Amino acid sequence: MSDYRILNTRAPRVDAVEKVTGKAVYTDDLRRPGVLTAAILHSPLAHARILNIDTSRAERLPGVKAVVTHREAGTSPYGVSPARFDETIFCHDKVRYVGDEIAAVAAVDLDTALEAVDLIKVDFEELPVVLDGRTAMDQGQPQLHEMYEKNVCAQVHWHFGDIEKGRRESYLTRTDHLTSKMQDAAFLEPQSILAETDSRGNLTMWSSTQAPHYVQRTLAMALGLPLHKVRVIKPAVGGGFGPKASCSSAELATCLLAIRTGQPVRLTFDREQVFLHSRARHQFFHTMTTGVSKDGGLTFLEHRCILDGGAYASFGIATIYYAGSLLGGPYRLENMKYDGHRVVTNKPACGAQRGHGAVIARALFEVQLDRIAEELGMDPIDLRLKNVMEAGETTCNELFVSSFGMREALEAVRDSVAWKGKRFSGGRTRRDGKGIGAACGFFVSGAGYPIYRSRTYHCTVVTKVDEVGGGVTVSSGAADIGQGSDTVLAMITAEELGLQLDDVRVVSGDSSLSVDLGAYSSRTTLMTGHACREAAKDVRQQILGAIAAKLGVPPEALDLRDGHVVGLSGEYDFSKLRKEYLSEHRGFADLPDGSQMTFAEASRVAFFELGTIIGTGKYRPPPLGGSFKGAAVGTSPAFGCSAQIAEVSVDLKTGEITVKNITGAHDCGFAINVTQVEGQMHGSMMMGMGEALMEQVIYDKKGRIVNANLAEYKIPTALDMPHLDAIIVESNEPHGPYGAKEVGEGAIMPVIPSILNAIYDATGVRIEELPVTPERLLAALRSKGKQA
C-alpha cells in the first residue's frame, strides 16, 4: 500500500475536462481588438544569392499595414547556442533552403496578407545546392555559411579508455551501419503566435512554445528590447516533441510587426510551413564497431557519425554531443571512441526531437548487440544482462547513475512475454514471418546546464495561499505541452499540504511568473517538481508555525493531513482559534464543527498572524560534468533507463510489417501519476514505431519537400496501434522529488531497435536504412532469396 494519498495514484489530469470538452484555449483561439493577420514570404529556392527585394507593390495594397524585411529587422544573428548564432530574422545576403524567410506582411485579414506576399518581388542568383550530408564536407562542395568551413557546423572527437587495448582483448568484433531520414514531429497543433505591445513599450507574445523563458531571451536580444519588457505566455499546446523548444523566425517576425504597427498581430502556420520550419529529427549516418570477449563482455565501441542538420545550427551542437555521450550507458563499457560531424545542407534546419540526438545511435547499437549475440550463440537478453550497469556506477564518459533499474526492467519484459519460446533461435523451428526482438535505452532526466552560460536556477516556483483561506495557487514558468506537468505540480502540492487536488490551482507557462527553462530533455518532473515541493514545504512551515504559536506548542507537533491540522502526539483544542473564523463566516454553509482544525481555518488564521502566505522553491542541479571538452552535454542529475520487447508479423510476399505487441518497462524512479507514466510510455512506443516503419521527409533534387502534409507523410493511426503493455520500474532516485525522474523521452529509445530485431527474427533479413517500408524490406527479401 502506498504511503501517499495523492501521489503514486491514477489521479485525473487537472486539464482533462477542458481538453475533452473543447474548452481548452490554444493560441489560435485567442483574439484581441484590432488584431492583424501576418503572412511570411518563404524562399522558393534552396540556395540563392539575394540581389534585390522590392516590396513597393505589397505596401500599396489596400488593407496592408506593414511589410518588413531585413531592412526593418536588422541583421543581428541569433540562434539556440551562443556559439552558433547563424540565423537572422529575415535573409539578407542569401537563402539557404526552400522555405527560408525573406519578408513578412501584416494586413487586415489572411487573404490580403497572402496577396501582399505574392506581390513582393525578389531577384535571385541561384547557387548550387548541397543535399547529401555524407558529401557536404567534400572538397569543392558549395559553402552555406562562411563561419562553417567545409559545411561543418560542429564536431566532436572523444576517446575514453583505450580503444586499441579493447580491440586486442576482443574475441569478436563487428562493424555495422544504420542510416535514417529526416523526420517531422507531426504534432497536431501547428505553430501559432499572437503578439501585441502596450503604451509603455511592453511586448507580450502568446505562442505554442515549449520554452517561454528561452523564447523571451531570444525575442529581447534579437529585437533589441530589455528583457523585463518582454513577456511570453504559453496557452494550451497541442504537442511539441522538441521542435517548439526554440524561438522561431515566425515568432520574431510577428513581434516585429506588432511593434511597427502598434496593433496586435497573429500568425498560424499551415501544415506545409510546419514542415518547412522543421527543427525536428536530423538525418543520421552511423557506423559502429564493437568488440566483445568470449563470454559476451563489452570490450570497446568505436563510433562514427554524420548528422545532416539542414541549413542552420538550431540545437545541432547539442545533438552531435548527445549522439555520442548517451552510448556511455546503460552497459558497462570501459573503452569508447566517438567521432561526430554535424553538417549543414540546403534543407530545413533540424533541431531537437523526442530522445534528442540519441535515438538512431541507440537503434544501431542495440541491433549490433543482437548480431553479436547471434554470433556468440547467446540469448540477446542474456548478453545485455551480463553487461548492464548498476546504481552507483559511473560511465566511461563520467556520467554517474545514482539510481538504475535497468536489470529489473530487462527481466520484467523478458518474463512477461514468454521470450525464449517465441524466438526463432529459442523455441521456434522456422522463420514464418513472426518475430520478436528486444532492446534497451538510456536517457537524461534534465540537462545539467542551461543553454546559455549562467548560474541561473533552472526553475523557481511560487505557491500562494488564498488569503480568504482554503486553496492555494501554484505559479510556475513550466510549460505543460500535453505531458501533464501541471498535474504533477498540483499533485505534489496537494500531497505536501494535505489538500484535495481540486483545492490546488496551477498557473504556468508564463515567463512573468517564474524562471523555468522549459519542457525539454525530460526535465520538468525532476527539476520543477523539486522546486514545487520546496515551495509547498515553505507554505506548510508558515501555516503550522502560526498555528503552533497560537497553541503554544512546537510546529513539529502538528501536521497537515486530509484537509486538517492534526496533532502528532495527541489532540489539541482548536475551539478558541475557531471562534474568530466562525465569527467572520456567519451565514456560510458547511462551517467547521469537528475536533480538528480545517486547512481553510488554519490558512486564514495564519494570514491574520503573518499576512499573505507565499512559499517559494527553486532548483539548480549540483555541479556536473567530466574533465574533457564537451563534458557538460549529456550530464544530468539522474538517468532513466528502459527495456522493450516488440512482436511483429511480416507478410513475406508483400513486405508489409504489422507490429502486434510492444511490452516496455521503464525506470521512472517513482511514478507520481501512474496513468501519466503509462501514457508517456505508450506515446513513445507509437512515435518510435512510426519512425521505424513509416516516417520520412522526402526531398526532390532541388531541395523541395514533396510530402509536406499529413496525408503523404505517414504516421501511425489508431488502426496501426498494437497491443501496448507498460511496466513501471521504481528505483527511487535520490535527486528527484519523492524519488521521481524522467519518462517522457527515455521510453522511445528501445522502440526502433526492438522492432528491427523482431523483423530480423521474423525474416532473417537485416535492414540498414530507416524507415523499414514494405518496399525496402521486400527488396531485401528478394536479394536474400537470390543469394540463397
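Look a little higher up for the structure.
The following refers to the structure shown. Quick caveat: nothing in here was measured; it's all calculated off a predicted structure. (Residues numbered from 1 in each chain as written. Predicted model: local features only at pLDDT ≥ 70, side-chain atom pairs only at ≥ 80, totals over all residues. Heavy atoms only, no water.)

**With respect to empty space enclosed by the protein**
Thought 1: Evaluated as defined, the whole model comprises five cavities of 30 Å³ or more.
Thought 2: A volume near 100 Å³ is recorded for the largest cavity.
Thought 3: The wall of the largest cavity is formed by 13 residues, among which Leu-178, Val-367, Leu-756, Arg-766 and Ile-767 lie closest to the centre.
Thought 4: Among the secondary structure elements, those contributing two or more residues to the lining of the largest cavity are β8 (172-179), α10 (359-376) and α19 (751-763).
Thought 5: The greatest single-element share of the lining of the largest cavity, amounting to four residues, is contributed by α10.
Thought 6: Tallied by class, residues from the lining of the largest cavity come to eight nonpolar, one polar and four charged. (1 Å grid on protein atoms, 1.4 Å probe; cavity = no way out; pocket = protein on both sides within 12 Å on 5 of 7 lines; lining within 4 Å. Points joined across faces, edges and corners; volume = space filled by probe spheres on them. Helix = DSSP H or I, 4+ residues; strand = E, 2+ residues; numbered from the N terminus. Nonpolar A, V, L, I, M, F, W, Y, C, P; charged D, E, K, R; others polar.)

**Notes on unusual backbone geometry**
Thought 1: Following Gly-329, the chain continues into Pro-330 via a peptide bond in cis, with omega recorded as 10°.
Thought 2: Take Pro-330: it is sitting in the loop between α9 (316-325) and β15 (336-343).
Thought 3: The linkage connecting Leu-770 with the following residue, Pro-771, adopts the cis geometry, with an omega of 0°.
Thought 4: Residue position: Pro-771 is located in the loop between α19 and α20 (774-787).
Thought 5: Even without being glycine, Asn-151 reaches a positive phi, approximately 65°.
Thought 6: In this structure, Asn-151 sits in the loop between β6 (121-126) and β7 (152-160).
Thought 7: Classification of Asn-151 as buried rests on a relative accessible area of 0%.
Thought 8: For Ser-522, which is not glycine, the phi dihedral falls at a positive 50°.
Thought 9: By the secondary structure assignment, Ser-522 is in the loop between β19 (504-507) and α15 (524-551). (Buried < 20%, exposed > 50% of the residue type's maximum accessible area, 1.4 Å probe, protein only.)

**Notes on the pattern of salt bridges**
Thought 1: Scanning the model with the defined rule gives 47 salt bridges in all.
Thought 2: Arg-134 is paired through a salt bridge with Asp-132; the nearest N and O atoms lie 3.1 Å apart.
Thought 3: Take Asp-132: its relative accessible area is 25%, and that puts it in the partly exposed class.
Thought 4: A salt bridge links Arg-523 to Asp-516, with the shortest nitrogen-to-oxygen separation between them at 2.8 Å. Each of the two residues, Arg-523 as well as Asp-516, counts as buried.
Thought 5: Through salt bridges with shared partners, a single network forms among Arg-174, Asp-176, Arg-371, Glu-375 and Glu-768. (Salt bridge = Lys/Arg side-chain N within 4 Å of Asp/Glu carboxyl O.)

**Some words on the sheet that holds strand β2 (residues 48-54)**
Thought 1: With antiparallel pairing, three strands are arranged side by side in an open sheet as β4-β2-β6. Sheet topology places β4 (94-95) and β6 at the edges, where each strand pairs with a single neighbour.
Thought 2: The pairing of β2 with β6 spans six bridges and is antiparallel. Following the sheet pairing, Asn-52 is matched in β6 by Asp-123. (Pairing = 2+ DSSP bridges.)

**A look at the packing of aromatic side chains**
Thought 1: Applying the stated criterion across every chain yields a total of 16 aromatic pairs.
Thought 2: When the centroid spacing of 5.6 Å and the interplanar angle of 85° are considered together, the rings of Tyr-4 and Tyr-738 count as edge-to-face. Here the residue Tyr-4 occupies a position in the segment before α1 (16-20), and Tyr-738 occupies one in the loop between β26 (723-729) and α19, the gap between them amounting to 734 residues.
Thought 3: Owing to a relative accessible area of 28%, Tyr-4 belongs among the partly exposed residues under this scheme.
Thought 4: Since its relative accessible area comes to 8%, Tyr-738 is described here as buried. (Phe/Tyr/Trp six-rings, centres within 6.5 Å; stacked < 30°, edge-to-face > 60°.)

**Re the pairing of strand β1 (residues 36-42)**
Thought 1: Counting buried residues along β1, seven of its seven residues qualify, which places the element largely inside the surrounding structure.
Thought 2: Side chains Leu-36, Ala-38, Ile-40 and His-42 of β1 all project onto a buried face; the interleaved residues Thr-37, Ala-39 and Leu-41 project onto the opposite face, where all are buried too.

**Focus: the sheet that holds strand β14 (residues 298-308)**
Thought 1: Spatially, the five strands line up as an open sheet ordered β7-β15-β14-β13-β8, and their pairing is mixed. Each edge of the open sheet carries a strand with a single partner, namely β7 and β8. When strand polarity is set aside, the average angle formed by the axes of neighbouring strands in this sheet is 5°.
Thought 2: As defined by bridge partners, β7 adjoins β15 across eight bridges and the pair is classed as antiparallel. (Axes fitted to C-alpha atoms, helices over the stretch in contact; angles between N-to-C directions.)

**Regarding the layout of surface pockets**
Thought 1: Roughly 710 Å³ of internal volume is contained in the second largest pocket.
Thought 2: Taken together, 25 residues line the second largest pocket, and the ones lying closest to its centre are Val-14, Asp-15, Glu-18, Asp-486 and Val-506.
Thought 3: If you tally residues by element for the lining of the second largest pocket, the top one is β19, at four residues.
Thought 4: In the lining of the second largest pocket, the residues fall into 14 nonpolar, one polar and 10 charged.

**Here's the deal with the packing of helix α16 (residues 575-583) against helix α17 (residues 599-610)**
Thought 1: Close contact between α16 and α17 brings their axes to 10 Å; oriented N to C, the two are set at 85°. When the interaxial angle is binned, α16 and α17 end up roughly perpendicular. When α16 is examined against α17, the residues Leu-577, Arg-578, Glu-580 and Tyr-581 are found in contact with a partner set consisting of Ala-600, Glu-601, Arg-604, Val-605 and Phe-608.
Thought 2: For the contact of α16 with α17, the per-class residue count stands at five nonpolar, no polar and four charged. (Parallel < 35°, antiparallel > 145°, perpendicular 65-115°, else oblique. Contact = heavy atoms within 4.5 Å.)

**A look at a negative patch on the surface**
Thought 1: A contiguous patch of negative charge on the surface is contributed by Asp-109, Asp-111, Glu-115 and Asp-118.
Thought 2: Residue placement: Asp-111 occurs in helix α4 (residues 110-119).
Thought 3: For Asp-111, a relative accessible area of 62% puts it in the exposed group. (Patch = residues over 30% accessible without salt bridge, like charges linked within 9 Å, V, L, I, M, F, W, Y side chains within 5 Å. Areas by Shrake-Rupley, 256 points an atom, 1.4 Å probe, with all protein chains shown as cover. Lys, Arg positive; Asp, Glu negative; His and termini not counted. Charge placed at Lys NZ, Arg CZ, Asp CG, Glu CD.)

**Quick word on the nonpolar core**
Thought 1: If you look at the biggest cluster of nonpolar residues, it comprises 98 residues, and the most contacted ones within it are Met-406, Leu-693, Ile-755, Val-772 and Leu-777.
Thought 2: For Leu-777, the contacting residues outside a window of four places in its chain are Val-650, Gly-655, Ile-657, Ile-759, Val-765, Ile-767 and Val-772.
Thought 3: Counting residues in each nonpolar core, the second largest holds 49 residues, with Ile-492, Ala-548, Ala-638 and Phe-670 among its members. (Core = buried A, V, L, I, M, F, W, Y, C linked by side-chain atoms within 4.5 Å.)

**Things to note about the pairing of strand β12 (residues 265-268)**
Within a regular strand, the side chains alternate between the two sheet faces.
Thought 1: Pairing between β1 and β12: two bridges, direction parallel. Note that in β12 the partner of Thr-37 across the bridge is Arg-266.
Thought 2: Relative to β12, strand β9 (residues 192-197) is paired through four bridges, and the arrangement is antiparallel. Across the sheet, Ile-193 pairs through a bridge with Leu-267, a residue of β12.

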